[in-house]
Amino acid sequence: MTSAGTVEPGSTPEGLVLTQVSKAFGGVTAVKDASFSVMLGQIHGLIGPNGAGKSTVIGLVTGFLRPDSGDIRFGAHDLNRMTPEAIAQVGIARTFQKATPLVGLTALENILVGMHTRYHGGVLAALVRTSALRREERGMAERAQMILERFGLADDANTDAGDLPFGKLRFLEIARSMVLEPQLLLLDEPAAGLNRVEAARLSALIQGIRSTGTGVLIVDHDVPFVFGVCEQVTVMNLGQILASDHAAKIYENPAVREAYLGTQRAQTEAGA
Amino acid sequence: MAFLLCGTVAVAVLVGGSPYWMYNMTVVALFATAAIGLNIMLGYAGQISFTQSAFMAVGGYGSAILGTKLAVDPWLAMIFSAVLAAIGALLIGIPLLRLRGHYFGMASFALALGTPSFLLAAASLTNGPLGIAGVPPLRFAGVSFLDPIPIYLLAWGVCIGAFLVEISLLKSHVGRAWRAISTNQDVARSLGIDARKYKLLTLAIAAVMASLAGSLYVEFQQYVAPDIFDIGLIMTIYLIVYAGGRGSIAGPLVGAVFYIVVPQLIGSLEQFQHLVFSALLIAIIVLRPNGIMGRGRQYAPVERILPLWVQRRLRRDYD
Ligand SMILES: Nc1ncnc2c1ncn2[C@@H]1O[C@H](COP(=O)(O)OP(=O)(O)OP(=O)(O)O)[C@@H](O)[C@H]1O
Ligand SMILES: [Mg+2]
């Protein structure tokens, strides 16, 4: 952690900073010279059409993918060379675009897996089942139950995660990543497949997470959802950043409207 | 349930005092111990691995060489071999567990294939194909563990110890991490769980269990030879885990009983013995594809070959 003294005067309190990041898969350039930053305590949207490179950005930030060039920093941490588990441990959590239930584990156990790094007891304590560890285990289970309640999953604590309906699974996945108490939370299309009521509930939960000082990056196609909840929006297309600014400014940016919002609206109107 | 049954059988065998059954049940305990190690790795952490026969060889040959050439106390030789096996597991696992799933499996299969050749080649230590005879037996306070009752009790003591290790770790956050890694490694890592470290832990635990089983076997046979640790051994341990039910606590025990005891029970069938055993094995694969004690939905595509009324019956059992 950088102490206040080492921060350069005039620097912004940014959490995540990407500088000129590029990533190609074989011949396909998924992300090209992407630069933007996500501040802590803010809700930041990342929008763009299919194949724009949004999920690739999340993969790069969380260490599942390595950038070909460029720099990804989080506070004092250079994320370029860190493993996914190390990145999670410095306070960056993520969800995945596709459904990721830990099948064979109950909803409660899924949450407890998210709390894994918070255990003090190690393997030896587990082996002899020390009373300290048993106490810790009870405390964790109680907390996990509270978190399930907060996410509307209290009645599903003992349901196998693989048997949960889609909407509930989405909330479980977000709850599971949140119990790390991350400083930065990256959500890959959290609202996809949710109905209006669920999406509204999700917005409220995300605002609750933000109010504790956590930065949230939301990747989504759902333009009303993103502009409804995000303060800051970044627009991607074909691997490049078209614009990154306050949501209101993005909404009025003619280039963005042309490239993305315009086509969306045209599609919506054509569909209606 | 299965434990209660096995416990009853174990005590009955002891009380019955038949040396023949005591011998068989001792072998059951040793196979079960090695199989528990594989079950932790494969059944819970989801890591395909063929290392168990090589680590049994570390225990067997470790005890034999230390006991005969260096005159080390057999108990110490057993412990020292187990430590060696754990170190070996780390040396293999640290570089090779960087490989994902199947690739580690393949690399470890090479290890299983190479074990007998290595033992033959290292003749100055192992006496090559002749093996090592006259391995000093375990003794404690005037009791020799060559006698059926002491070795029986010792083997089951070690086996129960292995079960306790398995159960206490599985109940804890460590076991939960294993299960998470096994269902979705990326999710586990995204939650800060060091998947490689936890797989390495299962490999080391499995190595210690295999090594202890190998040591005990050799110290009570007083003899070891390379062909004991051929590819058939690891296949047997796999069969035990799959037939018993991978990812089930009682699975390795039930599998070991199935593998050792059933052929003895049907021994009177003489030439039909193998045929009947194979038929039983196929019956398990068809009817209980997750193993006798396997959990979850017991379903296999092979069910489709059964007559419809049987299929319907089976389905009813699931719900
Ligand atoms: N592992 C991979 N191997 C090869 N190509 C990939 C891989 N991952 C992504 N791509 C390609 O990179 C480009 C960007 O993909 P990405 O998944 O980041 O897009 P996205 O913006 O998340 O799209 P969507 O909205 O459909 O989820 C696409 O052309 C995709 O086909
Ligand atoms: Mg995507």
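Residues numbered from 1 in each chain as written. Chains lettered and ligands numbered in written order. Predicted model: local features only at pLDDT ≥ 70, side-chain atom pairs only at ≥ 80, totals over all residues. Heavy atoms only, no water.

Draft legend 1. Quick peek at the pairing of strand β4 (residues 69-74) of chain A. Residues and elements named next belong to chain A. Pairing geometry for β4 and strand β5 (residues 77-78), over two bridges, is antiparallel. Looking across to β5, one finds that R73 is bridged to D78. Hairpin connection from β4 to β5: two residues lie between these consecutive antiparallel strands, with G75 at a positive phi of about 55°. (Pairing = 2+ DSSP bridges. Helix = DSSP H or I, 4+ residues; strand = E, 2+ residues; numbered from the N terminus.)

Draft legend 2. Representation of the coordination of the magnesium ion (ligand 2). Note on the magnesium ion (ligand 2): its protein donors are S55 of chain A (OG) and Q97 of chain A (OE1). The metal-donor distances range over 1.9 to 2.1 Å. One end of the pair, S55 of chain A, is in helix α1 (residues 54-61); the other, Q97 of chain A, is in the loop between β6 (92-94) and α3 (107-114), and 42 residues separate them in sequence. (Donors = N, O, S within 2.8 Å, 3.2 Å for Na, K, Ca; no water.)

Draft legend 3. Region of interest: the packing of aromatic side chains. The final tally for this structure, using the stated rule, is 13 aromatic pairs over all chains. Ring centres of F50 of chain B and Y238 of chain B lie 4.8 Å apart, and the angle between their planes is 20°; this geometry places the pair in the stacked category. Pair noted here: F50 of chain B is in the loop between α2 (19-44) and α3 (52-69) and Y238 of chain B is in helix α11 (residues 231-244), with a separation of 188 residues, a long-range link. According to the relative accessible area criterion, F50 of chain B is buried, its value standing at 15%. Connected via pairs of aromatic rings, a cluster forms that spans F31, F258, Y259 and F277 of chain B. When the ring centre of F96 of chain A is taken as origin, the NZ or CZ atom of R94 of chain A, which lies over that ring, is 4.0 Å away. (Phe/Tyr/Trp six-rings, centres within 6.5 Å; stacked < 30°, edge-to-face > 60°. Buried < 20%, exposed > 50% of the residue type's maximum accessible area, 1.4 Å probe, protein only. Lys NZ or Arg CZ within 6 Å of the ring centre and 35° of its normal.)

Draft legend 4. The confidence of the model for chain A, seen in detail. When pLDDT is averaged across chain A, the result is 87; 90% of the residues are at 70 or more. Confidence drops under pLDDT 50 across residues 1-12 of chain A; counting only partners more than four residues distant or on other chains, this segment forms two contacts. (pLDDT = per-residue confidence, 0-100. Contact = heavy atoms within 4.5 Å.)

Draft legend 5. Region of interest: the pattern of salt bridges. Residues and elements named next belong to chain A. If you walk through the whole model with that rule in mind, you get nine salt bridges over all chains. A salt bridge links E181 to R143, with the nearest nitrogen and oxygen atoms 3.6 Å apart. Of this pair, E181 sits in the loop between α6 (166-178) and β7 (184-188) while R143 sits in helix α5 (residues 131-150), and the two are 38 residues apart along the sequence. Residue E181 is classed as exposed on the basis of its relative accessible area, which comes to 51%. A salt bridge links D156 to K168; the nearest nitrogen and oxygen atoms lie 2.9 Å apart. One end of the pair, D156, is in the loop between α5 and α6; the other, K168, is in helix α6, and 12 residues separate them in sequence. Judged by relative accessible area, K168 falls into the partly exposed class, the value being 32%. (Salt bridge = Lys/Arg side-chain N within 4 Å of Asp/Glu carboxyl O.)

Draft legend 6. Broad picture of the packing of α3 of chain A against α5 of chain A. Residue and element names in this part refer to chain A. Where α3 meets α5, the axes come as close as 9 Å, and the angle between the chain directions of the two elements is 115°. Relative to α5, the element α3 lies roughly perpendicular. As α3 runs across α5, the sense of the crossing is right-handed. Residue-level inspection shows A107, L108, I111 and L112 of α3 in contact with α5, the latter providing E137, M140, A141, A144, Q145, I147 and L148. Residue composition of the contact of α3 with α5, by class: nine nonpolar, one polar and one charged. (Axes fitted to C-alpha atoms, helices over the stretch in contact; angles between N-to-C directions. Parallel < 35°, antiparallel > 145°, perpendicular 65-115°, else oblique. Left-handed = near helix turned anticlockwise from the far one by under 90°. Nonpolar A, V, L, I, M, F, W, Y, C, P; charged D, E, K, R; others polar.)

Draft legend 7. The arrangement of a nonpolar patch on the surface in detail. All names here are of chain B. On the surface, a cluster of nonpolar side chains totalling about 380 Å² of accessible area is made up of I79, V83, I87 and L91. Counting through the fold element by element, I87 comes out in helix α4 (residues 74-96). In this structure I87 comes out as partly exposed when scored by relative accessible area, which is 43%. (Patch = residues over 30% accessible without salt bridge, like charges linked within 9 Å, V, L, I, M, F, W, Y side chains within 5 Å. Areas by Shrake-Rupley, 256 points an atom, 1.4 Å probe, with all protein chains shown as cover.)

Draft legend 8. Geometry of a positive patch on the surface. A surface patch of positive charge is lined by R134, R135 and R138 of chain A together with K171 of chain B. In terms of residue count, the dominant contributor to the positive patch is α5 of chain A (three residues). Tracing the backbone through its elements, the reader meets R135 of chain A in helix α5. The class for R135 of chain A is exposed, based on a relative accessible area of 52%. (Lys, Arg positive; Asp, Glu negative; His and termini not counted. Charge placed at Lys NZ, Arg CZ, Asp CG, Glu CD.)

Draft legend 9. Local environment of the site of ligand 1. Residues and elements named next belong to chain A. Not every one of the 14 residues close to ligand 1 is listed here, only the nearest: N50, K54, S55, T56 and Q97. A distance of 2.9 Å is found between an oxygen atom of ligand 1 and a backbone nitrogen or oxygen belonging to G53. A distance of 2.8 Å separates an oxygen atom of ligand 1 from a polar atom in the side chain of K54. Taking 640 Å² as the accessible area of ligand 1 by itself, protein coverage stands at 62%. Listed by contribution, the elements that provide at least two residues to the shell around ligand 1 are β2 (28-39) and α1. Here the shell around ligand 1 gets three residues from one element, more than from any other, and that element is α1. Its residues assigned to classes, the shell around ligand 1 comprises five nonpolar, seven polar and two charged. (Near = heavy atom within 4 Å. Polar contact = N/O pair within 3.5 Å; in protein donor to acceptor, adjacent residues only side chain to side chain.)

Draft legend 10. Representation of the interface of chain A and chain B within the structure. Listed per partner, the contact involves 31 residues of chain A and 23 residues of chain B. Between chain A and chain B the total buried area reaches about 2400 Å² when both faces are included, carbon and sulfur atoms providing 65% of it. Joining chain A to chain B, the criterion identifies three salt bridges. The partner of E109 of chain A in a salt bridge is R179 of chain B, and the shortest N-O contact between them spans 3.1 Å. If you look at where chain A meets chain B, you find 10 residue pairs in polar contact (both at pLDDT 80 or more). Looking at side-chain class alone, the side of chain A that touches chain B contains 15 nonpolar, 10 polar and six charged residues. (Buried area = accessible area lost by both parts, 1.4 Å probe.)

Draft legend 11. Here's a closer look at the side chain of S172 of chain B. In this structure, S172 of chain B sits in the loop between α7 (148-171) and α8 (173-183). Residue classification places S172 of chain B among the buried residues on the basis of a relative accessible area of 1%. Once residues within four sequence positions are removed from consideration, S172 of chain B is found in contact with A126, R129, L133 and E137 of chain A.

Draft legend 12. Layout of the domain arrangement of chain B. All names here are of chain B. When its domains are assigned, chain B resolves into domain 1 (2-257) and domain 2 (266-319). Tallying the contact residues gives 13 residues for domain 1 and nine residues for domain 2. Counting the surface lost from both domain 1 and domain 2, the interface buries some 710 Å², and carbon and sulfur atoms represent 62% of this. Applying the counting rule to domain 1 against domain 2 returns zero salt bridges. In this structure, the connection of domain 1 to domain 2 is made through three residue pairs in polar contact (both at pLDDT 80 or more). Elements supplying a minimum of two residues to the side of domain 1 that touches domain 2: α11 and α12 (251-265). Element by element, the count of residues in the side of domain 1 that touches domain 2 is highest for α11, at four residues. Each residue belonging to the side of domain 1 that touches domain 2 can be placed in one class, and the counts come to seven nonpolar, five polar and one charged. (Domains from an automatic or database assignment.)

Draft legend 13. Representation of the confidence of the model for chain B. Looking at chain B as a whole, the pLDDT averages 86, with 91% of positions reaching at least 70. The weakest mean pLDDT in chain B belongs to helix α14 (residues 308-318) of chain B at 64; the strongest belongs to helix α9 (residues 185-190) of chain B at 95.

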